[in-house]
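# A look at the structure
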Amino acid sequence: MQINDVVENFTLQNQDEETVNLTDFADKPVVLFFYPRANTSGCTIEACGFRDAFQKLQQAGVVVLGVSRDTPKAQKNFQRKYNLPYDLLADPEMTLIKRYDLLRPKSMYGKLVKGVERTTFIISPDTGSGQRLLHIFPKVNPENHAEEVLEILHATPTHA
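To keep things clear, this report deals only with the structure shown in the data block.

## Describing the overall build of the chain
Counting its secondary structure elements, the chain contains five helices and nine strands. Mapped from its N terminus to its C terminus, the chain presents α and β elements in the order β-β-β-α-α-β-α-β-α-β-β-β-β-α. Projecting the C-alpha coordinates of the chain onto the three principal axes gives extents of approximately 45 × 30 × 30 Å. The buried share among the 160 residues of the chain stands at 48%. Taking as baseline every contact in the chain between residues at least 6 positions apart, the subset at least 24 positions apart corresponds to 63%. Accessible surface for the chain amounts to roughly 8,200 Å². Of this, 48% is attributable to carbon and sulfur atoms. For the chain, the centre of its 18 positive side-chain charges and the centre of its 20 negative side-chain charges are spaced 8 Å apart.

Pasting the structure below:
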């Protein structure tokens, strides 16, 4: 996917097993962040960063959605444990993860395994030509990532 491409709608379940579509948020910018696993150290740092910046993100009119290959139940536990005020989407079949080409080889304990590359996408509201990709943060460092996202949101017009 390239900047300004139309982002295809998707449907996943959130932590409460409710159906969530990208088009549910057609009137707002969406921060879609992919993380490898709920309750792991880097993912917790990143998710809590978005929690801590959530009020500022809301003031900017932004919807935050976290996505991992965890089940809705695991997402719910993660959300509860860290008091995360936004939806966590479950992609256990990795449908969206694969669509966004985020399954990458990683080294774990000296073995090569496939894992989700931590990546964030900023998607524009639909102003008549579809929800469009505004920005991609590849290979995200979880430290201060939410602040990075806020800086881009303030610098980028969200109407592509």
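## Details of the sheet that holds strand 8 (residues 119-123)
If you walk across this open sheet you meet the seven strands as 2-1-5-4-3-8-9, and the pairing is mixed. Strand pairing shows two members of the sheet lacking a second neighbour, strand 2 (19-21) and strand 9 (133-137), which therefore form its edges. With strand direction ignored, the average angle separating the axes of adjacent strands in the sheet is 30°. Bridge analysis of strand 4 (residues 63-68) against strand 5 (residues 87-90) gives four bridges, and the strand direction is parallel. The residue bridging Leu 65 from the neighbouring strand is Asp 87, located in strand 5. Against the sheet, helix 3 (residues 72-82) touches strand 1 (11-14), strand 4 and strand 5, its axis set at about 155° to strand 5.

## Description of helix 5 (residues 145-155)
Those residues of helix 5 that sit buried are His 145, Ala 146, Val 149, Leu 150 and Leu 153. Along the axis of helix 5, the buried residues cluster in a sector spanning 145°; they form a single face. Turned more than 90 degrees from where helix 5 packs its buried face, Glu 151, His 154 and Ala 155 sit exposed. Those residues of helix 5 that are buried are in contact with strand 3 (30-34), helix 1 (41-52), helix 2 (54-59), strand 8 and strand 9.

## Describing the packing of aromatic side chains
All told, the structure shown has nine aromatic pairs when counted by the stated rule. Note on Phe 78 and Tyr 82: the rings are 5.6 Å apart at their centroids and 75° apart in plane angle, and the pair reads as edge-to-face. Separated by four residues within a single helix, Phe 78 and Tyr 82 lie in helix 3, roughly one turn from each other. Relative to Phe 121, the ring of Tyr 100 has its centre 4.8 Å away and its plane inclined at 75°; by these criteria the two rings are edge-to-face. Residue Tyr 100 is found in the loop between helix 4 (95-99) and strand 6 (103-108), and its partner Phe 121 is found in strand 8; the two are separated by 21 residues along the sequence. Phe 121 carries the same exposure label as Tyr 100, and that label is buried. Put simply, the rings of Phe 33, Tyr 35, Phe 50, Phe 54, Phe 78, Tyr 82 and Tyr 86 pair up and form one aromatic cluster.

## Looking at the environment of Pro 92
Tracing the sequence through the fold places Pro 92 in the loop between strand 5 and helix 4. When the C-alpha atoms of Pro 92 and Arg 80 are compared, they prove to be 19 Å apart, with 12 residues separating the residues in sequence. Setting aside residues no more than four positions away along its own chain, Pro 92 makes contact with Arg 69 and Asp 70.

## Quick look at the nonpolar core
Within soluble globular proteins, side chains that are nonpolar tend to cluster in buried spots. Residues Phe 50, Leu 57, Tyr 86 and Val 149 are the most contacted members of the largest nonpolar core, which totals 24 residues. When residues of this core are traced back to their parent elements, those giving at least two are strand 3, helix 1, helix 2, strand 9 and helix 5. The greatest single-element share of this core, amounting to four residues, is contributed by helix 5. With sequence-adjacent residues up to four places away left out, Leu 57 is seen in contact with Phe 50, Val 62, Val 64, Val 149, Leu 150 and Leu 153. By size, the runner-up hydrophobic cluster in this structure holds 23 residues, among which are Val 20, Phe 25, Leu 32 and Phe 34.

Rules used throughout
Residues numbered from 1 in each chain as written. Predicted model: local features only at pLDDT ≥ 70, side-chain atom pairs only at ≥ 80, totals over all residues. Heavy atoms only, no water. Helix = DSSP H or I, 4+ residues; strand = E, 2+ residues; numbered from the N terminus. Buried < 20%, exposed > 50% of the residue type's maximum accessible area, 1.4 Å probe, protein only. Contact = heavy atoms within 4.5 Å. Areas by Shrake-Rupley, 256 points an atom, 1.4 Å probe, with all protein chains shown as cover. Lys, Arg positive; Asp, Glu negative; His and termini not counted. Charge placed at Lys NZ, Arg CZ, Asp CG, Glu CD. Pairing = 2+ DSSP bridges. Axes fitted to C-alpha atoms, helices over the stretch in contact; angles between N-to-C directions. Arc of directions from axis to C-beta. Phe/Tyr/Trp six-rings, centres within 6.5 Å; stacked < 30°, edge-to-face > 60°. Core = buried A, V, L, I, M, F, W, Y, C linked by side-chain atoms within 4.5 Å.

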